[in-house]
Amino acid sequence: MTSPALTLVLGGTGKTGRRVVHRLTGRGHAVRIGSRAAGIPFDWNDPTTWRPALAGVDAVYVSYQPDLAVPGAPEAIGAFADLAVRSGARRLVLLSGRGEPEAEACEKALAASGAEWTVLRASFFAQNFSEGDFLGPLLDGELALPVGDVEEPFVDADDIAEVAATVLAEGGHTGRTYDLTGPRLLTFAQATAAIAAAAGREIGYVTVPADAYAAALAAHGVPADVTALLTYLFTQVLDGRNAHLGDGVQEVLGRPARDFTDHVAEAAAAGVWAPEAAS
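Residues numbered from 1 in each chain as written. Predicted model: local features only at pLDDT ≥ 70, side-chain atom pairs only at ≥ 80, totals over all residues. Heavy atoms only, no water.

## Things to note about the overall build of the chain
Line of reasoning, step 1. Scanning the chain from terminus to terminus reveals twelve helices and ten strands.
Line of reasoning, step 2. Relative to the compact-globule value of 19 Å for 279 residues, the chain shows a C-alpha radius of gyration of 19 Å, a close match.
Line of reasoning, step 3. Oriented by its inertia axes, the alpha-carbon framework of the chain measures out at about 60 × 40 × 35 Å.
Line of reasoning, step 4. Here the chain, with 279 residues, has 50% of them falling under the buried criterion.
Line of reasoning, step 5. Looking at the chain alone, contacts between residues at least 24 apart form 77% of all its contacts between residues at least 6 apart.
Line of reasoning, step 6. Here the chain has roughly 12100 Å² of accessible surface; of this, 53% comes from carbon and sulfur atoms. (Helix = DSSP H or I, 4+ residues; strand = E, 2+ residues; numbered from the N terminus. Rg over C-alpha atoms; globule rule 2.2 N^0.38 Å. Buried < 20%, exposed > 50% of the residue type's maximum accessible area, 1.4 Å probe, protein only. Contact = heavy atoms within 4.5 Å. Areas by Shrake-Rupley, 256 points an atom, 1.4 Å probe, with all protein chains shown as cover.)

What follows is the structure, encoded as structure tokens:
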């Protein structure tokens, strides 16, 4: 008897990674979680951990930390992809970003490995508001970002995970790039208003200058490199270039993407933005 195919999920405890793990195991697939705290640890900053994590692996969900836009990301992605192929992994699925030249460089590095590659270009996650960096300010009653009236098609991380699990588990997706978005464009102010309505609370949205935003992050102890990355993403990537819808969810799953308000209703019902959650 041969052993079942094994999928390595990098960032397997993160927003999309843990959801990918859940869906793959639900399909009966063997999964190895790639994280620094895993039994076989994986650390993007320590290449000596890569080979042990890849042992016996057939497919990999590639989620890079902290972001594909950071210096050195294409080189790391390329080196990992080459090693993965040499180690026997045949299918690599990369979580990428929309409208980011740095992310596109990472996509090319992945493809150059010769693997059966698929790229998932995702918009900003709806879950950033419920379990990410935006949650704290929303609980405090005001979200302040250096983003004005630019519209973004927020995508549900559950949709990303379902697409990723499908692509990892099934054939027919080699060489494809899927544009994963929600079904509707919203400004950050509109998204915040939807959350306030669902939570039954007053929560405001304020557009702030980029330098004021960076200063506020620094005052809260955010490292300079992380501050620079976040400022870049909000002021450059959110300049209107991504204010259009993608059909990747429909292409892969045969159904429409979940609307932002679907996630908001579920999170509000779970008490995510309730006043007592801030205490």
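After that view of the structure, there is still more to cover.
## Quick look at the pairing of strand β4 (residues 91-97)
Line of reasoning, step 1. The buried fraction of β4 is high, at seven of seven residues.
Line of reasoning, step 2. Neither face of β4 is left uncovered, since the one carrying Arg-91, Val-93, Leu-95 and Gly-97 and the one carrying Leu-92, Leu-94 and Ser-96 both have all their residues buried.
Line of reasoning, step 3. Relative to β4, strand β3 (residues 59-62) runs parallel, the two being bridged by four bridges. Paired with Val-62 across the strands is Leu-94, a residue of β4.
Line of reasoning, step 4. Following the backbone out of β3, through helix α3 (residues 73-86) and into the adjacent parallel β4, one traces a crossover that is right-handed.
Line of reasoning, step 5. In this structure, β4 lies alongside strand β5 (residues 116-122), joined through seven bridges in parallel fashion. Considered in β5, the bridge of Ser-96 is made with Arg-121. (Pairing = 2+ DSSP bridges. Right-handed = clockwise from strand over helix to strand, strands pointing away.)

## Some thoughts on the pattern of salt bridges
Line of reasoning, step 1. Going through the model one piece at a time under the given rule, you end up with 17 salt bridges.
Line of reasoning, step 2. Where Arg-19 meets Asp-158, a salt bridge forms, and the shortest distance between an N and an O atom there is 3.0 Å. With Arg-19 in helix α1 (residues 17-26) and Asp-158 in helix α7 (residues 157-169), this residue pair connects regions lying 139 residues apart in the sequence.
Line of reasoning, step 3. With relative accessibility at 11%, the residue Arg-19 sits in the buried group.
Line of reasoning, step 4. Bridged by salt links that share partners, the residues Arg-18, Arg-19, Arg-23, Glu-131 and Asp-158 form one connected network. (Salt bridge = Lys/Arg side-chain N within 4 Å of Asp/Glu carboxyl O.)

## Examining the sheet that holds β4
In any sheet, the strands associate via hydrogen bonds between backbone groups, in a parallel or an antiparallel arrangement.
Line of reasoning, step 1. Strands sit in the order β2-β1-β3-β4-β5-β8 across an open sheet of six strands; the sheet is parallel. Strands at the two margins of the open sheet, each flanked by one partner only, are β2 (30-34) and β8 (176-180). For this sheet the average axis-to-axis angle between neighbouring strands, irrespective of direction, equals 15°.
Line of reasoning, step 2. Two elements, strand β1 (residues 6-10) and β2, share five bridges in a ladder whose sense is parallel. Following the sheet pairing, Val-9 is matched in β2 by Ile-33.
Line of reasoning, step 3. On top of the sheet, helix α4 (residues 101-111) reaches β3, β4 and β5; it is set at about 175° to β4, its chief contact.
Line of reasoning, step 4. Those strands touched by α7 are β1, β3, β4, β5 and β8, and its axis lies near 155° from that of β4. (Axes fitted to C-alpha atoms, helices over the stretch in contact; angles between N-to-C directions.)

## Notes on the nonpolar core
Across soluble globular proteins, nonpolar side chains have a tendency to be buried as a group.
Line of reasoning, step 1. One finds Trp-44, Val-60, Val-62, Ile-77 and Phe-80 to be the most contacted residues of the largest nonpolar core, which totals 33 residues.
Line of reasoning, step 2. Sorting the residues of this core by element identifies β1, α2 (50-54), β3, α3, β4, α4 and α10 (224-237) as the ones contributing at least two each.
Line of reasoning, step 3. Each residue touching Trp-44, except ones within four places of it in the same chain, is listed here: Leu-10, Trp-50, Val-62, Ser-63, Tyr-64, Gln-65, Ala-76, Ile-77 and Phe-80.
Line of reasoning, step 4. Formed by 29 residues, the second largest nonpolar core is a distinct cluster that contains Leu-135, Leu-217, Leu-230 and Ala-268. (Core = buried A, V, L, I, M, F, W, Y, C linked by side-chain atoms within 4.5 Å.)

It is worth stressing that arrangement in space is one thing and function is another; only the former is reported here.
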